[in-house]
Amino acid sequence: MISTPSVYTLAAALCLTSFTAFAQSGKTPVDLTARLAQSQTDASLATELMSKGRRAAAVCANCHGAGGNSTKPDIPNLAGQNPAYLLDQMRLFADGKRRFEFMEGMIKAMSADEKVGAVLFYAAQPVITSPAKNAALADKGKAYYDKVCFRCHANDGHGNNTFARIAGQQSVYLTTTLKNYRDAKGGRTNPLMADNTRHMSDADIEAVVTYVSSMK
């Protein structure tokens, strides 16, 4: 029996082929954090990088959706994400510290300017959200969020340069991520998240996800 390539395998091949065409080779490594800071004080550079980032994002849209609003509940939105945080996550993937082979390969093939441009592009995109279908459950989630989660992710769920924007994030992705932190699974470590999810029940997670995914 001949096996057929999975959707992810085909998407990976497309992404790697497309990004390789953009990639820069034989050049001194660029300090991504410094490049991002430079773009935030140089409007012309920011415009140039965002143009490159928009082209790169056209490939990312295969999984993360147009403008970074995922249509798949288990794949995260990138729209509206804090640029410094998103750039750091890209660095973790490229270094193999956040493990997902599919993402590692794509990010390694991107040039420094494409990486910085992509985070600038996504940060500027609006997040598409929907009201919670279960208002009572969302209220329970808000009560829990306002006791614990707000300390890092802020009252509005927008986070900062260190902590992710989680407002409006995909529900299945949020659920999986919280359970992985709680249960020390999935190959992604963060002592602070592990500590704050350790005592969450499945019901707590469901309520918090219901609330957070509806935040604007």
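This report concerns the structure included in the present document. (Residues numbered from 1 in each chain as written. Predicted model: local features only at pLDDT ≥ 70, side-chain atom pairs only at ≥ 80, totals over all residues. Heavy atoms only, no water.)

Leu36, Leu87, Met103, Ile107, Val116, Val119 and Tyr122 are the most contacted members of the largest nonpolar core, which totals 27 residues. Secondary structure elements with two or more residues in this core: helix H2 (32-39), helix H3 (43-64), helix H4 (83-94), helix H5 (101-109) and helix H6 (112-123). Looking at this core, the element that brings in the most residues is H6, giving seven residues. Residue contacts for Val116: discarding those within four places in its chain leaves Leu32, Arg35, Leu36, Ser39, Leu49 and Leu87. Listed in part, the 15 residues of the second largest apolar core include Tyr85, Ile205, Val209 and Tyr211. (Core = buried A, V, L, I, M, F, W, Y, C linked by side-chain atoms within 4.5 Å. Buried < 20%, exposed > 50% of the residue type's maximum accessible area, 1.4 Å probe, protein only. Helix = DSSP H or I, 4+ residues; strand = E, 2+ residues; numbered from the N terminus. Contact = heavy atoms within 4.5 Å.)

We now examine H6. For H6, which comprises 12 residues, the first-to-last C-alpha distance of 17 Å matches the rise-based estimate of 16 Å (1.5 Å per residue) to within 8%. Where burial is concerned, most of H6 is hidden: 11 out of the 12 residues are buried. Listed in full, the buried residues belonging to H6 are Ala112, Asp113, Glu114, Lys115, Val116, Gly117, Ala118, Val119, Leu120, Phe121 and Tyr122. (Expected span 1.5 Å × (residues − 1).)

Topologically, Ile75 is positioned in the loop between H3 and H4. With relative accessibility at 8%, the residue Ile75 sits in the buried group. Measuring from C-alpha to C-alpha, the distance between Ile75 and Gln169 comes to 9.3 Å, with 94 residues separating the pair along the chain.

Backbone geometry places Ala154, a non-glycine residue, at a positive phi of 75°. Looking at the secondary structure, you find Ala154 in the loop between helix H8 (150-153) and helix H9 (171-183). A relative accessible area of 25% means that Ala154 is categorised as partly exposed. Residues other than glycine seldom take positive phi values, yet Ala184 does so here, at roughly 55°.

Position of Ala84 among the secondary structure elements: in helix H4. Through-space distance from the C-alpha of Ala84 to that of Leu36 is 7.7 Å; in sequence the pair is 48 residues apart. Ignoring sequence-local partners within four residues, the contact set of Ala84 consists of Leu36 and Asn161.

Let's shift gears to the side chain of Arg35. As for its position among the elements, Arg35 is in helix H2. Of the polar contacts made by the side chain of Arg35, one reaches the side chain of Asp113; its length is 2.9 Å. When residues no more than four places from it in sequence are discounted, the contact partners of Arg35 are Val30, Leu45, Leu49, Asp113 and Val116. (Polar contact = N/O pair within 3.5 Å; in protein donor to acceptor, adjacent residues only side chain to side chain.)

Here we come to the packing of aromatic side chains. Using the criterion set out here, one finds three aromatic pairs in the structure. Here Phe100 and Phe102 contribute two aromatic rings whose centre-to-centre distance is 5.8 Å and whose plane-to-plane angle is 40°, an arrangement assigned as tilted. (Phe/Tyr/Trp six-rings, centres within 6.5 Å; stacked < 30°, edge-to-face > 60°.)

What follows covers the packing of H2 against H3. When two helices pack together, their arrangement is given by the angle between the helix axes and by the axis-to-axis distance. Put simply, H2 and H3 touch, their axes get as near as 7 Å, and they point 120° apart. Compared by their axis directions, H2 and H3 come out oblique. Contacts between H2 and H3 pair Arg35, Gln38 and Ser39 from the former with Leu45, Ala46 and Leu49 from the latter. Its residues placed into classes, the contact of H2 with H3 shows three nonpolar, two polar and one charged. (Axes fitted to C-alpha atoms, helices over the stretch in contact; angles between N-to-C directions. Parallel < 35°, antiparallel > 145°, perpendicular 65-115°, else oblique. Nonpolar A, V, L, I, M, F, W, Y, C, P; charged D, E, K, R; others polar.)

With that settled, consider the pattern of salt bridges. Oppositely charged side chains can form a pair if their charged atoms are brought close together. As enumerated under the stated definition, the model contains nine salt bridges in all. Note that Arg91 is salt-bridged to Asp88, the shortest N-O span being 3.1 Å. On the criterion of helical spacing, the pair formed by Arg91 and Asp88 is a turn pair, its members being three residues apart in helix H4. For Arg91, a relative accessible area of 27% corresponds to the partly exposed category. One salt-bridge network, held together by shared partners, links Arg35, Glu48, Lys52 and Asp113. (Salt bridge = Lys/Arg side-chain N within 4 Å of Asp/Glu carboxyl O.)

All quantities given are derived from atomic positions and should not be read as evidence of function.
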